[in-house]
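What the coordinates show
Each chain, written out:
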Amino acid sequence: MRVGILGGGPAGLLTGARLASGDADVTVFEEHREIGVPNHCTSVISRETLAEAGVDPERTVVSRLRGVQLGIPGGAVVRYKSDEVRALVIDRPSFDKELALSFLKGGGEIELGGRVEIEFNQRPHVLKASDGKIEPDVLIDCGGAKSFLRRKPKAGSALSGVQFDVLDTDMERDVAEIWVDKRRNPDFFLWCVPVNSEVVRIGSAWRASPAEEMLMKFTMWRFGSAQVVSKYFGPLIVSGYLLPFFDGNAAFVGDSAGQTKPTTGGGLRYGLMAANLAAEALLEASSLIDVKHALSDYQRNWLGTWKREVDWQRSARRLFRLMGNDELNQVLNWIKEEVILPDLVEGGKLDHHASLLRITSKKALLKSGLSVVRSLILGLSS
Ligand SMILES: Cc1cc2nc3c(=O)[nH]c(=O)nc-3n(C[C@H](O)[C@H](O)[C@H](O)COP(=O)(O)OP(=O)(O)OC[C@H]3O[C@@H](n4cnc5c(N)ncnc54)[C@H](O)[C@@H]3O)c2cc1C
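It should be emphasised that the depicted structure is a prediction, and the values quoted were computed from it without experimental measurement.

1. Quick word on the sheet that holds strand β5 (residues 67-71)
Here seven strands make up an open sheet; going across it, the order is β6-β5-β14-β15-β16-β13-β17 and the pairing mixed. A single partner strand is all that each edge strand has here, and the edge strands are β6 (77-81) and β17 (228-237). Looking at each pair of strands side by side, their axes are set apart by 15 degrees on average, direction ignored. Looking at chain direction, strand β13 (residues 158-167) and β17 are connected through nine bridges and run antiparallel. Looking at β17, one finds that Ala158 is bridged to Ile237. Here helix α5 (residues 144-151) sits on the sheet and contacts β13 and β17; the angle it forms with β17, its principal contact strand, is near 35 degrees. This element, helix α6 (residues 211-223), spans β13, β15 (190-194), β16 (199-206) and β17 of the sheet and lies at about 35 degrees to β13.

2. A word on the site of the ligand
Residues in contact with the ligand amount to 38 residues; listed here are only the nearest, Gly7, Gly9, Gly144, Gly254 and Gly267. For the shell around the ligand, the secondary-structure elements that each account for two or more residues are α1 (10-21), β2 (25-30), β3 (44-45), α5, β13, β17 and α7 (268-284). Of the residues that constitute the shell around the ligand, the class distribution is twelve nonpolar, 20 polar and six charged. Viewed by domain, the shell around the ligand spans two of them, domain 1 (2-63 + 91-154 + 239-306) and domain 2 (159-237), each represented by three or more residues.

3. As for the packing of α7 against helix α8 (residues 291-322)
One way to put it is that α7 packs onto α8 with a least axis distance of 8 Å and a crossing angle of 145 degrees. Relative to α8, the crossing made by α7 is right-handed. Taking contact as the criterion, the partners of Tyr270, Met273, Ala274, Leu277, Ala278, Ala281, Leu282 and Glu284 in α7 are, on α8, Val291, Ala294, Leu295, Asp297, Tyr298, Asn301, Trp302, Thr305 and Trp306. Of the residues that constitute the contact of α7 with α8, the class distribution is 13 nonpolar, two polar and two charged.

4. Re the pairing of β16
Of all the eight residues making up β16, seven are buried; the element is thus mostly covered by neighbouring parts of the structure. The pairing of β13 with β16 spans eight bridges and is classified as antiparallel. From the neighbouring strand, Gln163 faces β16, where its bridge partner is Gly203. With four bridges connecting them, β15 and β16 associate as antiparallel partners. Residue pairing for β16: Pro194 is matched across the bridge by Val200. Between β15 and β16, which follow one another and run antiparallel, lie four residues.

5. Here's the deal with the nonpolar core
Here is a general trend for soluble globular proteins: nonpolar side chains tend to be buried in one another's company. Membership of the largest hydrophobic core comes to 99 residues, with the highest contact counts inside it found for Leu99, Ile140, Ala251, Val253, Ala274, Ala278 and Tyr298. Here Ala251 is in contact with Ile140, Phe245, Phe246, Ala278, Leu295 and Tyr298, once residues within four sequence places are set aside.

6. Regarding the environment of Arg123
On the secondary structure map, Arg123 appears in the loop between β9 (117-119) and β10 (126-129). A sequence separation of 125 residues divides Arg123 from Gly248, and the C-alpha atoms of the two residues are 7.6 Å apart.

7. Let's talk about the pairing of strand β7 (residues 87-90)
Here β7 shows no split at all, with Ala87 and Val89 on one side and Leu88 and Ile90 on the other all buried. With two bridges joining them, β3 and β7 adopt antiparallel strand pairing. For Val44, the partnering residue across the bridge sits in β7 and is Val89. Examined bridge by bridge, strand β4 (residues 61-65) and β7 share four bridges and lie antiparallel to one another. Its bridge partner lying in β7, Val61 is registered against Ile90.

8. Re α1
Given a rise of 1.5 Å per residue, twelve residues ought to cover 16 Å, and the 16 Å separating the end C-alpha atoms of α1 matches this to within 8%. For α1, the tally of buried residues reaches eleven of twelve residues, placing the bulk of the element in the interior. Looking only at α1, the buried set comprises Pro10, Ala11, Gly12, Leu13, Leu14, Thr15, Gly16, Ala17, Arg18, Leu19 and Ala20. Of the surrounding secondary structure, the elements contacted by the buried residues of α1 are β1 (2-6), β2, α2 (47-53), α4 (92-105), β12 (138-141) and α7. Asp23 lies just past α1 and shows a positive phi near 85 degrees.

Conventions used here
- Residues numbered from 1 in each chain as written.
- Predicted model: local features only at pLDDT ≥ 70, side-chain atom pairs only at ≥ 80, totals over all residues.
- Pairing = 2+ DSSP bridges.
- Helix = DSSP H or I, 4+ residues; strand = E, 2+ residues; numbered from the N terminus.
- Axes fitted to C-alpha atoms, helices over the stretch in contact; angles between N-to-C directions.
- Contact = placed C-beta atoms within 7 Å.
- Near = placed C-beta within 6 Å.
- Nonpolar A, V, L, I, M, F, W, Y, C, P; charged D, E, K, R; others polar.
- Domains from an automatic or database assignment.
- Left-handed = near helix turned anticlockwise from the far one by under 90°.
- Buried ≥ 20, exposed ≤ 12 C-beta atoms within 10 Å, placed from the backbone.
- Core = buried A, V, L, I, M, F, W, Y, C linked by C-beta atoms within 7 Å.
- Expected span 1.5 Å × (residues − 1).

So, to be careful, I would describe these as geometric facts and stop short of saying anything about function.
Written as structure tokens, this is what we have:
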């Protein structure tokens with residue numbers, strides 16, 4: 001089977017590596033001249049994500065997080081640190097390069113520095129490059145947010161992500177901060193993640209401009225005159241999976257299929273699992289006629305694992321957008337008074353945010369005093 005993959009990000013490289021190791025003849029086309037560059041990602045992942053990718057932690061993990069601080073500027077702040085590592089921060093360019101190495105070792109080929117397009121108006125679909133058409137048996141669109149936005153240009157399905165790296169050594173190195181402030185950002189939370197002993201990555205995502213200016217105001221509030229050493233910009237997909245995951249002999253994997261968490265926009269775990277599922281299904285196809293069945297198996301298996309979770313996260317995101325600072329402050333105060341954060345950090349799962357609701361609702365049902373928490377649970381279950 002000859003496979004052409006558009007996009008040399010994690011989804012494209014892992015799908016390629018799995019297919020190449022199963023004897024498919026695979027080429028990845030990446031428009032940039034270097035894998036992993038430019039980077040837009042905060043790069044906070046779970047251990048399960050690394051396992052899904054099969055990447056060695058020693059070569060990619062730059063920081064280990066044990067705790068979190070949640071807060072509203074001028075309002076409630078709650079903090080908890082575990083004895084255990086709860087999340088990893090990776091160096092994304094190294095992570096992508098590790099995936100590329102394993103793809104190349106398995107016999108795959110990478111063509112760098114040239115844009116390709118899938119011609120969807122032709123059946124079977126073909127790839128168009130600057131020097132002509134390429135006709136693999138199967139095409140996989142792993143073009144990330146750009147491909148997603150081409151398929152779903154609707155306002156609100158992606159936010160404009162902005163991040164700054166600032167030099168700061170005061171922040172505790174193994175605790176991430178999450179701030180909510182509807183005046184600074186009605187659409188999303190703001191994060192501060194220590195990425196090494198000197199640098200903290202601050203970021204957020206907005207529906208509308210001026211995102212960079214708003215993040216600078218927050219940076220000044222939180223870190224004063226700390227030096228900003230890098231700025232990153234990129235679309236964050238928050239609308240969740242975009243069906244179908246296939247069209248004729250073409251499949252969509254990763255951000256191009258909206259395989260991200262609506263609550264945070266984090267897409268590495270969901271996209272990497274999709275890469276494994278898509279490759280596994282395609283390798284079972286004994287002829288090209290079976291490709292359609294294989295791709296429909298891929299879609300069913302991914303939805304079987306993540307659909308409920310992502311649907312829940314979509315509701316949680318809608319609810320967050322409806323809440324104002326007063327309600328958020330009440331929730332945070334409640335989390336603080338009832339000492340819920342330790343349970344959330346110890347029992348919650350980074351890729352399964354519905355687990356956080358289960359923990360919170362247990363406590364809420366026991367106490368049931370706070371109207372905002374009750375409406376949160378009712379809102380999410382409706
Ligand atoms: C601000 C921000 C912070 C984030 N933080 C996190 C986080 O902490 N944790 C997490 O899990 N996720 C995070 N994400 C999301 C994560 O970066 C994506 O989910 C992940 O990169 C998706 O991988 P992918 O391979 O699908 O797409 P990408 O990584 O975007 O790769 C797509 C590749 O395709 C190439 N390409 C596109 N079009 C073409 C074309 N026509 N021809 C050739 N090549 C093409 C691109 O150059 C790119 O290399 C964040 C995203 C943003 C924007």
